[in-house]
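Reading the structure
What follows is the residue order along each chain.
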Amino acid sequence: MLDKNHKVVVVGAGLMGTGIAHAFASSGFATQLVDTSAEALAKAEKSIHGILDGGVKLGKLTVDVADAAKARLSTNTVLKQAAEGAHLLVETVSENLAVKKAVLGEAVPVLAANAVIATNTSALSVTEIAASVPCPERVIGMHFFNPVHKMKLVELVLGIATDEATVATSREWCDAIGKTSILVNESPGLTTSRMSAMLGNEAMWMLQEGTASAEDIDTALRMGFNHPMGPLELGDLTGWDTRLSVLRYLHSTLGEKFRPCPLIIKMVAAGRYGRKTGHGVYKYDETGQRVPGSGLKASNL
Ligand SMILES: NC(=O)c1ccc[n+]([C@@H]2O[C@H](COP(=O)([O-])OP(=O)(O)OC[C@H]3O[C@@H](n4cnc5c(N)ncnc54)[C@H](O)[C@@H]3O)[C@@H](O)[C@H]2O)c1
């Protein structure tokens, strides 16, 4: 049974770690956010405070509730210190198997007994990550969606060794932070990433071929299918670097239909990762606003 005194450690203070740490801290859990980069931690803390202050301005939270959530959040560059006695670890470091295994190798020995060990990997194997620790039955995929404070879904991903107790406790953790969880047996790209990778890749092929402008491809999916965002603006939000590594993985496991569009490879080589670098398919100004008419043109390719 979950207890509000249970402590959570979130490792990786990037785009996702920021949202995940906010979710736990604002749901009543003492939350430690860890990153090797002090700069990333400072940025994450500022964003979390921004989300909470925004909630106060909208009348969704009182100042006291926001302050209490801020007080429950702490940051640390020393993983072992932060993970000591935690009942849930959510690793959400860069999408790299060796880095993820190293994080677990260091943190797992100091967690509370029976702690859930969750990975937010988009496309790596939970089974393979789990095999690197002595308790693979306690490892589960906990796949969140960006932006975490708005997206309700969590895909809980079962590796070959994940046991029922871990699934049950993970569902409780998701309920406690107001998320809806679904169970997915480990398979490349799960349900949502597989579909989303296909859509984003196809949109880039269309852009590369000059089928329609970036703006019109996005409008087509928003207005034609009621998607809240078009696939190109979504790729800018997710990051084309992350997108490319997911596509490469799906290509190697599921075959030709996932071959990454050359335009994505070119954009990543140019450092045009999306919102996080201020330039992806669209350009963003220093306040993060999209520059009107900035969509990549087929004539520029
Ligand atoms: N971006 C998305 O929409 C999305 C959605 C679901 C899942 N994911 C997954 O979440 C994970 C993180 O993605 P992101 O977009 O937040 O990446 P990101 O690049 O924004 O952040 C990764 C962070 O990990 C930190 N890091 C790297 N090595 C570390 C280590 N050894 N110890 C501590 N911190 C370390 C980096 O400094 C960086 O701040 C990836 O596995 C990704 O596949 C991403």
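Remember, predicted model here, so these are calculated numbers, not experimental data.

1. Describing the site of the ligand
- The environment of the ligand is formed by 23 residues, the closest being Met16, Asp35, Glu95, Lys100 and Ser122.
- In this structure, an oxygen atom belonging to the ligand sits 3.0 Å away from a main-chain N or O atom of Leu15.
- Contact between the ligand and Glu95: an oxygen atom at 2.5 Å from a side-chain N or O atom of the residue.
- For the ligand, whose free accessible area comes to 830 Å², the fraction covered by protein is 83%.
- When contributions to the shell around the ligand are tallied by element, the ones reaching two or more residues are α1 (15-26) and α5 (97-107).
- The dominant element in the shell around the ligand, judged by the number of residues it contributes, is α5, at three residues.
- Of the residues assigned to the shell around the ligand, the class counts are nine nonpolar, 11 polar and three charged.

2. A few points about the packing of helix α8 (residues 192-209) against helix α9 (residues 214-225)
- Look at α8 against α9: their axes get within 10 Å of each other, and the N-to-C directions meet at 140 degrees. Between α8 and α9, the angle is such that the two are oblique. Handedness of the crossing formed by α8 with α9: right-handed. Judged by residue contacts, Leu199, Ala203, Met206 and Leu207 of α8 engage Ala214, Ile217 and Leu221 from α9.

3. A word on the sheet that holds strand β3 (residues 73-76)
- Overall, mixed pairing links the eight strands, which are arranged β3-β2-β1-β4-β5-β6-β7-β8 in an open sheet. At either end of the open sheet lies a strand with only one pairing partner, and these are β3 and β8 (180-185). Here the strands of the sheet are splayed against their neighbours by 25 degrees on average, with no regard to which way each runs.
- Note that strand β2 (residues 31-34) and β3 share four bridges and pair parallel. Residue pairing in the sheet places Thr31 in a bridge with Leu73 of β3.
- Across the sheet, helix α3 (residues 63-72) lies against β2 and β3, angled at about 30 degrees from β3, the strand it touches most.
- Most of the contacts of α5 go to strand β4 (residues 88-91), to which it runs at about 160 degrees, and overall it touches β1 (8-11), β4 and β5 (116-119).

4. A few points about the environment of Leu237
- Along the polypeptide, Leu237 turns up in helix α10 (residues 231-238).
- Among residues more than four places away in sequence, those in contact with Leu237 are Leu15, Asn146, Pro147, Met229 and Arg275.

5. Description of α1
- The first and last C-alpha atoms of α1 sit 17 Å apart over 12 residues, in line with the 16 Å expected at 1.5 Å per residue.
- Of all 12 residues that make up α1, 10 are buried, and the element is covered over most of its length.
- Among all positions in α1, only Met16, Gly17, Thr18, Gly19, Ile20, Ala21, His22, Ala23, Phe24 and Ala25 are buried.
- Of the residues one or two after α1, Gly28 is the one with positive phi, at around 105 degrees.

6. Notes on the packing of helix α11 (residues 240-254) against helix α12 (residues 262-269)
- One way to put it is that α11 packs onto α12 with a least axis distance of 9 Å and a crossing angle of 135 degrees. Looking at the two axes, α11 sits oblique to α12. Regarding α11 and α12, the two cross each other, and that crossing is left-handed. Residues Trp240, Asp241, Leu244, Leu247 and Arg248 of α11 pack against Ile264, Ile265, Met267 and Val268 of α12.
- Along the lines of polarity and charge, the residues of the contact of α11 with α12 split into seven nonpolar, no polar and two charged.

7. As for the pairing of β2
- What you see with β2 is no split at all: Thr31 and Leu33 on one side and Gln32 and Val34 on the other are buried throughout.
- In this sheet, β2 lies alongside β1 in parallel orientation, the contact comprising four bridges. Residue pairing across strands places Val11 opposite Val34, the latter belonging to β2.
- Each parallel crossover has a hand, and for β1 linked through α1 to β2 it is right-handed.

Criteria and thresholds
Residues numbered from 1 in each chain as written. Predicted model: local features only at pLDDT ≥ 70, side-chain atom pairs only at ≥ 80, totals over all residues. Heavy atoms only, no water. Near = heavy atom within 4 Å. Polar contact = N/O pair within 3.5 Å; in protein donor to acceptor, adjacent residues only side chain to side chain. Areas by Shrake-Rupley, 256 points an atom, 1.4 Å probe, with all protein chains shown as cover. Helix = DSSP H or I, 4+ residues; strand = E, 2+ residues; numbered from the N terminus. Nonpolar A, V, L, I, M, F, W, Y, C, P; charged D, E, K, R; others polar. Axes fitted to C-alpha atoms, helices over the stretch in contact; angles between N-to-C directions. Parallel < 35°, antiparallel > 145°, perpendicular 65-115°, else oblique. Left-handed = near helix turned anticlockwise from the far one by under 90°. Contact = heavy atoms within 4.5 Å. Pairing = 2+ DSSP bridges. Expected span 1.5 Å × (residues − 1). Buried < 20%, exposed > 50% of the residue type's maximum accessible area, 1.4 Å probe, protein only. Right-handed = clockwise from strand over helix to strand, strands pointing away.

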